[in-house]
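Next come the chains, spelled out residue by residue.
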Amino acid sequence: MAMLPTIDHELLRTFVAIVDQGGFTRAAQTVNRTQSAVSMQIKRLEEDVIQRPLFVRQSKPLQLTSEGHTLLGYARKILSLQGEALTLLRQPDMVGRVRLGVPDDYVMRFLPGILKTFSQAWPLVDVDVHCAPSSVLSQQPKDSLDLIIMTREIGDEIGTILRREPTVWVSAESHSTHLQTPVPLAMFEAPCFCRRHACNALDRAGRAYRVAYSSPSLATLQAVVGAGLAVSAWMRSLVTADMQILGKIEGFPELPEASIVLQHTSSTQSPIIDSLAEHIVEGFRL
């Protein structure tokens, strides 16, 4: 019986990169090869190993053949198992669990990319994510969590400052809610320094307002603002494409900056915790 050919994992890595990046050019950057080298790898995979076309030629956007779809599932499994084996054998300390506290403010904006790169580096580490407002996370018992991401006022930072940003007024782009008197606000539940600063700023400006909606969840506030029901205030990086930033021209006073910080809250010394902290610092730079 003829021996079946083996599949070089580098060919599989390039193949998966092409699918994930949506093309040969971006995949070449991901795998640190030239585009011609990537094309040669796929040609070798198709002609010498699989002996079937994996991509529908001349299709835009890029499409897989049925054989390509089949190989993609196996390729992901093979690369994942290889990563797990190497982690277990070469980095036995990088197996376990880490507990992360984070407000839902940053879950959708920053966490997916952070957890993706961390999982790729250490596939055998489990991450428990505990979502709560910053005011609640700051009161967590010692050692109940390993790392906490939270929002702090300037000058009240404890831990590593991940970034500083202005707090801005926001409303739905297609609505004129900000013209109402009193202006309806959708704010985080008290105690929240962002809410306090926003209300104090309107008081000083003599702008009439009412807190029409209150929630600990950014997703809830975004839904309310997006529906044109209220104006709110949060950090600039959390503003979505369907919203407009309001300023002095619209009658909304400037708000102070705030800091996003990372705190190590566990007394346990662990390379797992340190590695996730490094990924978080890098992720908030983007």
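Going by the structure above, here's the rest.
The written sequence of each chain sets the order in which its residues are numbered from 1. Per-residue local features are limited, in this predicted model, to residues with pLDDT of at least 70; the limit for side-chain atom pairs, both in listing and counting, is 80 or more; totals at the level of whole chains, interfaces and linings are taken over all residues. Just so you know, side-chain values use all the structure's heavy atoms and leave hydrogens and water out.

## Some words on the overall build of the protein chain
Applicable threshold: In this description a helix means any DSSP run of H or I spanning at least four residues, a strand means any run of E spanning at least two, and both kinds are numbered starting from the N terminus. Atoms counted for the radius of gyration: C-alpha only. Globule rule: 2.2 Å times residue count to the power 0.38. Note on contacts: a residue pair qualifies if any of its non-hydrogen atoms lie within 4.5 Å across the two residues. All accessible areas in this document rest on Shrake-Rupley with a 1.4 Å probe, and a residue is counted as covered only by the protein chains that are shown. Positive charges are assigned to Lys and Arg, negative charges to Asp and Glu, while His and the chain termini are left out of the count. All charge positions are set by atom: Lys at NZ, Arg at CZ, Asp at CG, Glu at CD.
What the protein chain contains, in helices and strands, is 9 helices and 9 strands. Against the globule reference of 19 Å for 286 residues, the protein chain gives a C-alpha radius of gyration of 24 Å, more extended than a compact globule. With respect to the principal axes defined by its C-alpha atoms, the protein chain has extents near 85 × 50 × 25 Å. Counted over contacts in the protein chain with a minimum sequence separation of 6, partners at least 24 positions apart contribute 75%. When the accessible area of the protein chain is evaluated, it comes to approximately 15,700 Å², of which 53% is carbon and sulfur surface. Across the protein chain, the centroid of the 27 positively charged side chains sits 4 Å from that of the 29 negatively charged ones.

## Describing the packing of aromatic side chains
Heads up, the rule is: Any pair of Phe, Tyr and Trp rings, taking the six-membered ring for Trp, is counted once the centres come within 6.5 Å. Such a pair is stacked with planes under 30 degrees apart, edge-to-face with planes over 60 apart, and tilted for the rest. When accessible area is computed with a 1.4 Å probe and restricted to protein chains, residues below 20% of their type maximum are described as buried, those above 50% as exposed, and intermediate ones as partly exposed. Whether a charge sits over a ring comes down to the Lys NZ or Arg CZ being within 6 Å of the ring centre and within 35 degrees of the ring normal.
Under the criterion given, the structure shown has 6 aromatic pairs. Look at Tyr 106 and Phe 284: their rings are 6.0 Å apart centre to centre, the planes differ by 75 degrees, and that puts the pair in the edge-to-face class. On the criterion of sequence distance, the pair formed by Tyr 106 in the loop between β1 (96–102) and α5 (111–121) and Phe 284 in the segment after α9 (271–283) is long-range, its members being 178 residues apart. Here Tyr 106 and Phe 284 have matching classes, each one buried. Among the aromatic residues, ring-to-ring pairing joins Phe 15, Phe 24 and Phe 55 into one connected group. It is Lys 77 that lies over the ring of Tyr 74; its NZ or CZ is 5.6 Å from the centre.

## What about α5?
Filter applied, for reference: The arc in question is the one spanned by the directions pointing from the helix axis to the C-beta atoms.
For α5, the complete set of buried residues consists of Leu 111, Ile 114 and Phe 118. All buried residues of α5 lie within an arc of 70 degrees about the axis, which places them on one face of the element. More than 90 degrees from the buried face of α5, the exposed residues found are Lys 116 and Gln 120. Contact partners of the buried residues in α5: β1, β2 (125–131) and α9.

Keep in mind these values describe shape, not function.
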